[in-house]
Amino acid sequence: SGLHHNAFDGMQGYTFLTAFQLTGDRNYYDYGMNIANGCLYNYTNLILNWGYMCAMALEKAYGVTGSEAYMNKARQITNDTRRYQFKDGSFPHVPLGGKNAGYTSWMTYELLHIRKEDPLNLAVGTDIIRAANFLMKRVNPDGSVNYQDENGTYYSNPNGYDVRGYVGASTSIAYSLKALGMDSESIKLLKFEFSQQLNGTNEG
């Protein structure tokens, strides 16, 4: 009931198939493969964030079934999305969007899961390194996130609305950098994050 029946379901497919690997429960397998097959045969808009969601499910389906059709589709998605990555390593939120720090971090997170399932997709490793270099430059000395510098701004879509996410972007960047071994930058981000914790009636 929580499915969208489009590429947005890819992360749920990944989760179901992971649950099948952990438990052997065929219900999880059926749910996950249904989504993976949607990504393989039916779903559209398989680029950027939506594409990576499906690529996660497809790579997990490859791991579960051994069918290269799933792996090949996932690699097609990562190849198609690569042309949207800016030279500095950042990604947009949408095809005509500008550089977006929050979505670059989120897509790096997705790429890390895709690489885990398909380590021989070497180009994905390059995409991750480029994105990580961009994210490192977003960390200010005090651990706050820098959404603007002399080269531009890194948070809005073509229509101008702000998709920074504040708390979400900070912790997402911290996770991505930690996963890539950039501990000092990750710690800075988290220390700043925790320093913003509210008190009194808004405690937590």
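For the structure, see preceding data.
Given the structure is predicted, the values throughout are model-derived calculations rather than measurements.

**Q** Would you take a moment to explain the side chain of Asp-9 for this structure?
**A** Residue position: Asp-9 is located in the segment before helix H1 (10–23). One buried charged residue, Asp-9, remains without a salt bridge, the closest side chain of opposite sign being Lys-73 at 16 Å.

**Q** Honestly, the packing of aromatic side chains in this entry has me stumped. Any pointers?
**A** Aromatic ring pairs are defined here through the distance separating the ring centres and the angle between the ring planes. Taken as a whole and judged by the stated rule, the model has nine aromatic pairs. Members of the aromatic cluster, connected to one another through ring pairs, are Phe-16, Tyr-28 and Tyr-31. Above the plane of the ring of Phe-134 lies Arg-138, whose end atom (NZ or CZ) is 4.7 Å from the centre.

**Q** Got a minute to help me understand H1 in this structure?
**A** For an α-helix, 3.6 residues make a turn, and residues three or four places apart therefore share a direction. Its 14 residues give H1 an end-to-end C-alpha distance of 20 Å, which sits within 8% of 20 Å, the value for a rise of 1.5 Å per residue. Check the buried side of H1 and you find it contacts helix H2 (26–42), helix H3 (48–65) and helix H5 (101–117). Positive backbone phi, approximately 75°, marks Gly-24, located one or two places after H1.

**Q** Please clarify how helix H4 (residues 68–82) should be interpreted in this entry.
**A** Along its 15 residues, H4 runs 21 Å from first to last C-alpha, staying within 8% of the 21 Å computed at 1.5 Å per residue. Those residues of H4 lying buried are Tyr-70, Met-71, Lys-73, Ala-74, Ile-77, Thr-78 and Thr-81. All buried residues of H4 project into a common sector of 165° when viewed along the axis, lining one side.

Each value, and the rule that gives it
Residues numbered from 1 in each chain as written. Predicted model: local features only at pLDDT ≥ 70, side-chain atom pairs only at ≥ 80, totals over all residues. Heavy atoms only, no water. Helix = DSSP H or I, 4+ residues; strand = E, 2+ residues; numbered from the N terminus. Buried < 20%, exposed > 50% of the residue type's maximum accessible area, 1.4 Å probe, protein only. Lys, Arg positive; Asp, Glu negative; His and termini not counted. Salt bridge = Lys/Arg side-chain N within 4 Å of Asp/Glu carboxyl O. Phe/Tyr/Trp six-rings, centres within 6.5 Å; stacked < 30°, edge-to-face > 60°. Lys NZ or Arg CZ within 6 Å of the ring centre and 35° of its normal. Expected span 1.5 Å × (residues − 1). Contact = heavy atoms within 4.5 Å. Arc of directions from axis to C-beta.

Nothing here speaks to function; it is all geometry.
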